[in-house]
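Examining the three-dimensional arrangement
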Amino acid sequence: MAMNLENHIVRPVANFSPSLWGDRFLSFSIDNQVAEAYAKGIEILKEQTRAKLHTIASGSSDVAQKLKFIDLLERLGIAYHFEKEIDHQLQHIYTHPVHLNDLETVALQFRLMRQHGYDISSDIFSNHVDNNGKFRDTSDVKGLLSLYEASYVRKRSDEVLEGVVGFATTRLRSAAPNLKPNRTLKKLVMHALDQPLHTGMPRLETRFFISVYQEEEESERNDELLRFAKLDFNLLQMLHKQELSEVSRWWKELDFVTKLPYARDRIVECYFWALGVYFEPQHSKARVFLAKSISITSVLDDTFDAYGTLKELEVYTDAIQRWDIREMNRLPDYMKISYKALLDLFDEFDKDLSKEGRTYAVEHGMQRMKELVGGFLIEAKWFNEGNKPVFAEYLRNGVVTSTNYLFAVISCCGLKSADEQVFDWFLQNPKILEASDTLCRIIDDIGTYDTEKDRGQLSTGIECYMNEYELSLEKTIEKFQELAELALKDLNEGLLKPTPVSEEILLRIVNFARMFFVTYQFNQDGYTHPEKVLKPHIIALLVDPMTT
């Protein structure tokens, strides 16, 4: 029998702000003539670029030139067209080491190699450090910027790079005002200090870099690559707008905005997250799949955090563990809506993936969803009981409720390369996944602290840590930033070859973590309050095309 909702129940309603977007993205259709023109132009430029890559690979060009060309392709967002060629070159550079002198190129080599899974030694910086192992002072701004970016791909054993972020940041900040004659370098420096490349969202970094690169001196610019990048960006943006339109219509039909007004209406932001996990055209279906999953999970999160009573949430959790549409009868009316939507969504995935014989992927997703909801219930109990667990206990549950365990699996459901062995690997909660989860949990806790405190939450990670170790808020946040730094090092180490699964799988884990850096930038909750943090990013990626 359904539970009756009593009128006098006091609910912890959060009063979230409405969507910024209204019906703006509800309808979009690709202009086929424009798309064809873009595609033709891209095809010609792609072959020219491939020829250039082969020339660089087989010719006598030096390693520095090869690295800079690969970096340019990556930063312009077109490297995904040449993955095999780029990996072949990096592998050759790794197995045939050449001594490089200037700091800019040494740091670039280190960053590119590490990002592509090659465990290049940080000893390559030995020429640039003094007898105490500290980097020598330098006025080489390009070198400092490259070193700063490289320091973000370090692992725990890279002692030479400890303290480099602070060292490079101080010098870059003092050099920036004097960079006016070279405006593009100044923009790159100021942007990197706010958002390091390695922890940024790939599409956003591409959009920013194109806008800066087009202002380079003509002699310093490759106009063919610039045109290629702009056409490719715009063609992909049309596909992304089409996907967002599909996701927005699905959301509108669910009508959660009317039926469940307590929940955040953030479908555009959910799609933006999915776009951060993969942007390439071949991942279109996976992106839609992930965006829908994130949006339903957001509703579940708000049900546990901002509306449901503990008694209701216990029944709801049990119904999800049983995963049976007949369980709906036990739920209050408002819970029936999200419960049915959740089961319907996974049914849709199941039908789709059964055509590929990959229903095991959906099963793994369901298990992770059950695990997540169980974690939500534990947090709800802490909140209702005014309980502050010890930090270790909080974090054990918190890595589950960060949602990364779930979304790492869901993001791979749409990848044909994710076979049963990949999902079995996920089940073991490997170190790279745990590092990503810890990173997401810590960044989320810092960013959402004020919001949750206003709601009366005492069992937040920061509150638990402050209480247990008797520290001030400022000292606790410092400690959390140290924990995030360690987790990032472990995440980086998990990328290094030999790896138990492919780079395609590992990048989903890394990219999901990157979205936390972007969404909670400057310690703000950009998901709950997207107007400052995410709005300009969404306009850049999903509204304004590049001028070609």
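Secondary structure assignment for the protein chain yields 23 helices and zero strands. For a compact globule of 548 residues, the expected C-alpha radius of gyration is about 24 Å, and the protein chain comes in at 24 Å, within 12% of that figure. Overall, the protein chain is about 80 × 60 × 45 Å in size when its C-alpha atoms are taken along their principal axes. Here the protein chain holds 548 residues, and the buried ones make up 57% of them. Excluding contacts between residues fewer than 6 apart, the proportion of contacts in the protein chain whose partners are at least 24 apart in sequence is 74%. Each charge class in the protein chain was averaged separately, 65 positive and 84 negative side chains, and the resulting centres sit 2 Å apart.

Right, let's get into the packing of aromatic side chains. All told, the structure shown has 34 aromatic pairs when counted by the stated rule. Ring plane angle 70° and centroid distance 6.0 Å describe the contact between Tyr360 and Phe423, whose orientation is recorded as edge-to-face. Here Tyr360, found in helix H15 (residues 359–385), pairs with Phe423, found in helix H18 (residues 420–427); they are 63 residues apart in sequence, far enough to count as distant. For the pair Tyr360 and Phe423, one class covers both residues: buried. Cluster of aromatic residues (ring-pair linked, three or more members): Trp382, Phe391, Tyr394, Tyr465, Tyr469 and Phe480. The ring centre of Phe279 lies 4.1 Å from the NZ or CZ of Arg203, which sits over that ring. Over the ring of Phe16 we find Arg264, and its NZ or CZ is 5.1 Å from the ring centre.

With that settled, consider the nonpolar core. Membership of the largest hydrophobic core comes to 190 residues, with the highest contact counts inside it found for Phe125, Phe135 and Phe426. If you tally residues by element for this core, the top one is helix H9 (residues 223–254), at 13 residues. Aside from chain neighbours lying at most four places away, what touches Phe135 is Leu103, Phe125, His128, Val129, Leu147, Val160, Leu161, Val164 and Phe167.

With that settled, the discussion passes to H15. Between the first and last C-alpha of H15 there are 40 Å, a value that for 27 residues agrees with the 39 Å anticipated at 1.5 Å per step. One or two positions beyond H15, positive phi appears at Gly386, with a value near 65°.

With that settled, consider the state of the cysteines. Evaluated as defined, the whole model comprises zero disulfides. A disulfide-free cysteine, Cys270 has its sulfur positioned 15 Å from the sulfur of Cys440, the nearest such atom. Looking at Cys270, the relative accessible area reads 1%, which means it is buried. Cys440 carries a free sulfur, and the closest cysteine sulfur to it, the one in Cys412, is 14 Å from it. Overall, the relative accessible area of 0% leaves Cys440 in the buried class.

Two numbers describe how helix H12 (residues 284–306) lies on helix H17 (residues 404–413): the axes approach to 9 Å, and their chain directions differ by 150°. Regarding the angle of H12 to H17, the classification is roughly antiparallel. Every pair of crossing elements has a handedness; the one defined by H12 and H17 is right-handed. Every residue of H17 that contacts H12 at Phe289, Leu290, Ser293, Ile294 and Thr297 is listed here: Leu406, Phe407, Ile410, Ser411 and Cys413. Grouping the constituent residues of the contact of H12 with H17 by class yields seven nonpolar, three polar and no charged.

This part is about unusual backbone geometry. The omega angle of the peptide bond from Lys497 to Pro498 is -5°, so this bond is cis rather than trans. One non-glycine residue with positive phi stands out, namely Asn429, at about 45°. Here Asn429 is to be found in the loop between H18 and helix H19 (431–454). For Asn429, a relative accessible area of 21% puts it in the partly exposed group. In the Ramachandran plot, Asn523 falls in the positive-phi region, its phi being about 60° despite a non-glycine side chain. Relative to the helices and strands, Asn523 resides in the loop between helix H22 (503–519) and helix H23 (535–542).

For the structure on display, the rule yields 37 salt bridges. Here Asp352 and Lys355 are joined by a salt bridge, their closest N and O atoms 3.7 Å apart. Among the residues examined, Lys355 registers a relative accessible area of 70% and is labelled exposed. Ionic pairing is found between Glu356 and Arg358, a salt bridge with its closest N-O pair at 3.5 Å. Looking at Glu356, the relative accessible area reads 29%, which means it is partly exposed. One network of salt bridges, in which partners are shared, links Lys285, Asp352, Lys355, Glu356 and Arg358.

Following the sequence through the fold, Tyr152 ends up in the loop between helix H5 (141–150) and helix H6 (164–175). Taking relative accessible area as the criterion, Tyr152 reaches 16% and is therefore assigned buried. Here the alpha-carbon distance between Tyr152 and Asp130, two residues 22 residues apart in the chain, equals 21 Å. Discounting chain neighbours no more than four positions away, the residues touching Tyr152 are Val165, Pro196, His198, Thr199, Leu488 and Asn492.

Glancing now at the packing of H9 against H12. Where H9 contacts H12, the axes come no closer than 10 Å and their chain directions differ by 35°. Both H9 and H12 take part in a crossing whose hand is right-handed. Judged by residue contacts, Leu239, His240, Glu243, Glu246, Val247, Trp250, Trp251 and Leu254 of H9 engage Ser284, Arg287, Val288, Ala291, Lys292, Ser295, Ile296 and Val299 from H12. For the contact of H9 with H12, the residue count by class is nine nonpolar, three polar and four charged.

Now for the confidence of the model for the protein chain. As a general rule, the predicted coordinates of low-pLDDT regions are not to be interpreted in detail. Overall, the prediction assigns the protein chain a mean pLDDT of 95, with 97% of residues at 70 or greater. This model gives residues 1–6 a pLDDT under 50, and the stretch forms 16 contacts once residues within four places in sequence are excluded.

Structurally, Arg330 can be placed in the loop between helix H13 (310–322) and helix H14 (333–354). Sequence separation between Arg330 and Glu216 is 114 residues; the distance between their C-alpha atoms is 64 Å. Reaching out from Arg330, the side chain makes a polar contact with the side chain of Asp318 at a distance of 2.9 Å. Among the polar contacts made by the side chain of Arg330, one reaches the side chain of Glu327 at a distance of 2.5 Å.

Time to look at helix H16 (residues 391–401). Burial analysis of H16 places eight of its eleven residues in the buried class, the great majority of the element. When we look at burial in H16, the residues that qualify are Phe391, Tyr394, Leu395, Asn397, Gly398, Val399, Val400 and Thr401. Residues of H16 that are buried make contact with H15, H17, H19, helix H20 (461–469) and helix H21 (473–493). Positioned one or two residues after H16, Thr403 has a phi angle of 80°, which is positive.

The rules behind each value
- Residues numbered from 1 in each chain as written.
- Predicted model: local features only at pLDDT ≥ 70, side-chain atom pairs only at ≥ 80, totals over all residues.
- Heavy atoms only, no water.
- Helix = DSSP H or I, 4+ residues; strand = E, 2+ residues; numbered from the N terminus.
- Rg over C-alpha atoms; globule rule 2.2 N^0.38 Å.
- Buried < 20%, exposed > 50% of the residue type's maximum accessible area, 1.4 Å probe, protein only.
- Contact = heavy atoms within 4.5 Å.
- Lys, Arg positive; Asp, Glu negative; His and termini not counted.
- Charge placed at Lys NZ, Arg CZ, Asp CG, Glu CD.
- Phe/Tyr/Trp six-rings, centres within 6.5 Å; stacked < 30°, edge-to-face > 60°.
- Lys NZ or Arg CZ within 6 Å of the ring centre and 35° of its normal.
- Core = buried A, V, L, I, M, F, W, Y, C linked by side-chain atoms within 4.5 Å.
- Expected span 1.5 Å × (residues − 1).
- Disulfide = S-S within 2.5 Å.
- Axes fitted to C-alpha atoms, helices over the stretch in contact; angles between N-to-C directions.
- Parallel < 35°, antiparallel > 145°, perpendicular 65-115°, else oblique.
- Left-handed = near helix turned anticlockwise from the far one by under 90°.
- Nonpolar A, V, L, I, M, F, W, Y, C, P; charged D, E, K, R; others polar.
- Salt bridge = Lys/Arg side-chain N within 4 Å of Asp/Glu carboxyl O.
- pLDDT = per-residue confidence, 0-100.
- Polar contact = N/O pair within 3.5 Å; in protein donor to acceptor, adjacent residues only side chain to side chain.

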